[in-house]
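# Structural description and commentary
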Amino acid sequence: MSDVAIAESGLFDRALNRLTLLWRDMAASVTGPAEEEASWETRMRACLEAKGGEISARNRAAGLAQSYLTLDEAGRVEFLRALASFDSDPAAVEAAMRAVSAAADTASRASAKAKLRRVLEPPRLRLLTQFTTIPVGVKFLVDLRADLMRHMGSDPMLQALDADLRTQLASWFDLGFLELRRIDWQSPAALLEKLVGYEAVHRIRTWRDLKNRLDSDRRCYAFFHPRMPEEPLIFVEVALVKGLSGSVQTLLDERAPVQDPRAADTAIFYSINNCQRGLDGISFGNSLIKRVVALLSEEFPNLKTFSTLSPIPGFRRWLEEQLIETQPKLLSEEESKALAEASGLADGVAALRALVAQRRPLAEGWCQKAEPVLTRLCARYLVLETGRDGRRARDPVGHFHLSNGARVERVCWRGDTSEKGIRESLGFMVNYLYDPAKIEDYHEAYVGEGNRAAATALRKLARSVAA
């Protein structure tokens, strides 16, 4: 484990210890040994009944939260099922529905509908809301949902609990409540450690690496919630450069000289990370990118181009599937012949299979002969291939950026030569271009009709079907 990883682990353990001690002290004023040994349902009911008033209910919620953090996986599933069991009363719902049907006029129907809405609301919603009244309670619920998503499977009660919790979180994490902040080398050490822990696209390996990403020709912005002020929800890392970047290794080279950001004409978004698993399905990315584009445009008027340098995590898997199924017209006769001659193998498909099976950068020998073929196939994957619904882009990162109004601009051979880059995409990366004047049009075309914006040359390459 690296020194950074050790620091992250130690930070988490210290914060967790402080939290559980605080919650335990709060719970001690209302719970004794007998109540602590009671069933989850009994303890949750006591919370809902608010015996002793709202302060006592809050302290009981703290006790439940503290107990939850001490449980193993099986214990947490039991807790979640107990929480999910506090559902709407079926008899009350049925009676309220009959009252709506029997209503004789507009006023009585409106009253009956209001009552129906009240009885439909499951008691667990009130319990979830009580958790928000305790210190760091919102973060507790975000992490609780992360556990729930891991364990719910096809359990209908846990799925219903997840739907309730997701709706609540979507309301609490409305974009109007979020604050956009820049993270730099002067930010608190605890926040920088979290940045290291949450970076999943291009791992931060050392403090020097982190400092390089926060230098004067770099920017990092994150959304924060007022109830989670030291926990980033999503962050983006940006490099200020001249022209489109096609290699992440070059972009993150710690030995490269620091550039004058005022001379830059391009902002490269090279890493976007969602930090809170429990907020999956609640989108912040679109707003984050637009806000950062606006901030950078104001700070650096010379910036003319806003682009990503993005991974293509599904390309290799898609290509392997094509080769297993031996899809017709995957290669033209000319391509097949060229690959066979360069590799010494029987045909182009066999050569491509051998190439895809490699786990090292495709930089030497006959592999370079495959660059035009792989570039064409990568363009096809990004511009034409769809998921199960037959509309959205098959690549998940591509779907994210196209949904946010980007255009597929360029594929980059040897864009990421790391082990992860080779494993996921044979080293390819892609530039998605964000044109502020066309973001909304591209977004509407993709979301509404499934039409993907792409550079003319790339679209032509993608559609050049092998003869």
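The protein chain goes by Malonyl-CoA decarboxylase (MCD) in an unreviewed UniProt entry, where it is assigned to Pseudoroseomonas cervicalis ATCC 49957.

With that settled, the discussion passes to helix α15 (residues 315-325). Each α-helix turn comprises 3.6 residues. Residues three or four places apart therefore point the same way. The set of residues buried in α15 consists of Phe315, Arg316, Trp318, Leu319, Gln322 and Leu323. Down the axis of α15, the sector holding all buried residues measures 160°, keeping them to one side. Opposite its buried face, α15 presents the exposed residues Ile324 and Glu325, each directed more than 90 degrees away. Residues of α15 that are buried sit in contact with α17 (348-356), α18 (371-383) and α20 (419-425).

All told, the structure shown has one cavity of 30 Å³ or more when counted by the stated rule. Of the voids in this model, the largest cavity is the one considered here, and its volume is about 40 Å³. Lining the largest cavity are Val201, His202, Pro311, Asp416, Lys420, Gly421 and Glu424. In terms of residue class, the lining of the largest cavity is built from two nonpolar, two polar and three charged.

Another point: the confidence of the model for the protein chain. The predicted coordinates ought not to be read in detail in places where the model reports low pLDDT. The predicted model of the protein chain has a mean per-residue pLDDT of 90, with 92% of residues at 70 or higher. Contacts from residues 1-12, a stretch scored under 50 in pLDDT, to residues over four places away or in other chains number 15 contacts.

Moving on: the pattern of salt bridges. Per the counting criterion, the structure on display carries 26 salt bridges. Taking the shortest distance from any N to any O, the salt bridge between Glu199 and Arg213 comes out at 3.6 Å. Within this pair, whereas Glu199 is found in the loop between α11 (189-198) and α12 (207-213), its partner Arg213 is found in helix α12, the two being separated by 14 residues in sequence. Look at Arg213 and you get buried, because its relative accessible area is 2%. Residues Glu237 and Arg213 are paired through a salt bridge, measuring 3.4 Å at the closest nitrogen-oxygen approach. Of this pair, Glu237 sits in strand β3 (residues 234-241) while Arg213 sits in helix α12; the two residues are 24 residues apart in sequence, bridging distant segments of the chain. When sorted by exposure, Glu237 lands in the same class as Arg213, which is buried. Salt bridges linked by common partners bring Glu73, Arg76, Asp147 and Arg150 together as one network.

Turning our attention to the side chain of Arg407. Along the chain, the position of Arg407 falls in strand β6 (residues 407-412). Since its relative accessible area comes to 17%, Arg407 is described here as buried. For Arg407, the side chain forms a polar contact with the side chain of Glu409, separated by 2.8 Å. If near-sequence neighbours (up to four positions away) are discounted, Arg407 is found in contact with Asn431, Tyr432, Leu433, Tyr442, Ala453, Ala454 and Ala455.

Before going further, it helps to spend a moment on unusual backbone geometry. Phi at Val136 is positive, roughly 60°, even though this residue is not glycine. Position of Val136 relative to the elements: it lies in the loop between α8 (123-131) and α9 (137-151). Residue classification places Val136 among the partly exposed positions, given a relative accessible area of 39%. A positive phi angle, near 60°, is found at Arg414, a position not held by glycine. Along the chain, the position of Arg414 falls in the loop between β6 and α20.

Definitions and cut-offs
Residues numbered from 1 in each chain as written. Predicted model: local features only at pLDDT ≥ 70, side-chain atom pairs only at ≥ 80, totals over all residues. Heavy atoms only, no water. Buried < 20%, exposed > 50% of the residue type's maximum accessible area, 1.4 Å probe, protein only. Helix = DSSP H or I, 4+ residues; strand = E, 2+ residues; numbered from the N terminus. Arc of directions from axis to C-beta. Contact = heavy atoms within 4.5 Å. 1 Å grid on protein atoms, 1.4 Å probe; cavity = no way out; pocket = protein on both sides within 12 Å on 5 of 7 lines; lining within 4 Å. Points joined across faces, edges and corners; volume = space filled by probe spheres on them. Nonpolar A, V, L, I, M, F, W, Y, C, P; charged D, E, K, R; others polar. pLDDT = per-residue confidence, 0-100. Salt bridge = Lys/Arg side-chain N within 4 Å of Asp/Glu carboxyl O. Polar contact = N/O pair within 3.5 Å; in protein donor to acceptor, adjacent residues only side chain to side chain.

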